[in-house]
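Residues per chain are reported as follows:
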Amino acid sequence: MLSCTTILLPKLISAETKTKLKEWIIIEDYNAKDHMWGMGIDINKCIGCGRCANACKEENNVPKEPYFFKTWIERYRIFSDGEAIVDSPNGAVNGFKPITEDSEKVIRSFFVPKLCNQCDNPPCVQVCPVGATFRVDDGVVLVDSEYCIGCRYCIQACPYGARYLHPETRTADKCTFCYHRITKAYLPVCVEVCPTNARVFGEIKKKSSPLVRFMRRFTLNVLKPALNTEPKVYYANMDMEVR
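Every value quoted in this text rests on a predicted model; they were computed, and no experiment measured them.

A. Quick peek at helix H3 (residues 51-60). Those residues of H3 that sit buried are Cys52, Ala53, Ala55, Cys56, Lys57 and Asn60. Packed against the buried residues of H3 are strand E2 (71-79), helix H6 (179-182), helix H7 (189-193) and strand E9 (199-203). The positive-phi residue at the C-terminal boundary of H3 is Asn61, with phi of around 55 degrees.

Next up, the structure:
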């Protein structure tokens, strides 16, 4: 059982982490307090091509094995009897193969991209015993790999399955919204390569942001809202079967 002291520790950012944060922020005049990042996903536009998952692995040096992903796509098939079957072969890095079995019983199917939700109330930060996982003022949750002890508490605490233990560094890893890119005014690579513009990235609190326009256009949902993690990945046209 974690002690009260352990639970409080992650709220403090160590001096080492602050130094590391300066290395992550490429542009010297980037001020995290001036930003609040989020992502919108239009499920109706996702075609399950897997370009986002593949580009993410290349851009962020994610291990090639089919167990490690910073973003992935799930295929939902809803049958006439109400049953929902979800699959994600190799995280959809190579896309999806057509399924003809029982196709006459499928009433609808769709694809759902998944990634770290960059929560405002992140369970992963709360359980980290050394403060290696922390939330930046711009809303992005990061992991200091030099401070992480590989205890896996954050991996177990994440309700979205968005974390993994890197097989080489033995430290926790996850999506960072391509922090090395957004601090240089580039889009996350998954957004940049999407052929249908299913993903929208931008500021949450600036009216000129494409994300704010996206949020005005659609009725939005988040994953597992009952957990009160306050995610900053917003889904449009999301079925109630999505989990």
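Read on, since the account is not over.
B. Fine view of the sheet that holds strand E1 (residues 37-42). Read across the open sheet, the four strands follow the order E9-E1-E11-E10; overall the sheet is mixed. With partners counted over all chains shown, the strands left at the sheet margins are E9 and strand E10 (220-221), one partner each. Bridge count between E1 and E9: five bridges; the pairing is antiparallel. Residue pairing across strands places Trp37 opposite Glu203, the latter belonging to E9. Packed on one face of the sheet, helix H8 (residues 210-217) meets E1, E9, E10 and strand E11 (233-236) and runs near 120 degrees to E9.

C. Local environment of the sheet that holds E2. Strand order in this open sheet of three strands is E3-E2-E4, and the pairing throughout is antiparallel. Edge positions in the open sheet fall to strand E3 (84-87) and strand E4 (106-115), since each of these has one partner strand only. Between one strand axis and the next, the sheet turns by 20 degrees as a mean value, whatever way the strands run. The sheet contact formed by E2 and E3 spans four bridges and is antiparallel. Its bridge partner being in E3, Tyr76 is matched across the sheet by Val86.

D. Region of the structure containing the environment of Tyr235. Relative to the elements of secondary structure, Tyr235 occurs in strand E11. The spatial distance from the C-alpha of Tyr235 to the C-alpha of Met215 is 9.3 Å, given a sequence separation of 20 residues. Apart from residues lying up to four places away in sequence, Tyr235 is in contact with Ile41, Ile43, Val112, Pro113, Lys114, Thr219, Leu220, Asn221 and Leu223. Looking at Tyr235, its side chain comes within polar contact range of the main-chain oxygen of Pro113, at 2.7 Å.

E. Layout of the pattern of salt bridges. On inspection of all chains with the given rule, the structure shows 11 salt bridges. In this structure, Arg181 engages Glu192 in a salt bridge whose closest nitrogen and oxygen atoms are separated by 3.0 Å. Within this pair, whereas Arg181 is found in helix H6, its partner Glu192 is found in helix H7, the two being separated by 11 residues in sequence. Classification of Arg181 as buried rests on a relative accessible area of 12%. The exposure class of Glu192 is partly exposed, given its relative accessible area of 48%. What emerges from the salt-bridge pattern is a single network uniting Glu59, Arg181 and Glu192.

F. Looking closely at the packing of aromatic side chains. Under the definition given, this model contains eight aromatic pairs. Seen from their ring centres, Phe96 and Phe111 are 5.0 Å apart, and the 40 degrees between their planes marks the pair as tilted. Of this pair, Phe96 sits in the loop between E3 and E4 while Phe111 sits in strand E4, and the two are 15 residues apart along the sequence. On the basis of relative accessibility, which here comes to 17%, the residue Phe96 falls in the buried class. What makes Phe111 buried here is its relative accessible area of 18%. Within the aromatic cluster, the residues linked to one another by ring pairs are Trp37, Phe177 and Phe201.

Conventions and cut-offs
- Residues numbered from 1 in each chain as written.
- Predicted model: local features only at pLDDT ≥ 70, side-chain atom pairs only at ≥ 80, totals over all residues.
- Heavy atoms only, no water.
- Buried < 20%, exposed > 50% of the residue type's maximum accessible area, 1.4 Å probe, protein only.
- Helix = DSSP H or I, 4+ residues; strand = E, 2+ residues; numbered from the N terminus.
- Contact = heavy atoms within 4.5 Å.
- Pairing = 2+ DSSP bridges.
- Axes fitted to C-alpha atoms, helices over the stretch in contact; angles between N-to-C directions.
- Polar contact = N/O pair within 3.5 Å; in protein donor to acceptor, adjacent residues only side chain to side chain.
- Salt bridge = Lys/Arg side-chain N within 4 Å of Asp/Glu carboxyl O.
- Phe/Tyr/Trp six-rings, centres within 6.5 Å; stacked < 30°, edge-to-face > 60°.

None of this, on its own, says anything about what the molecule does.
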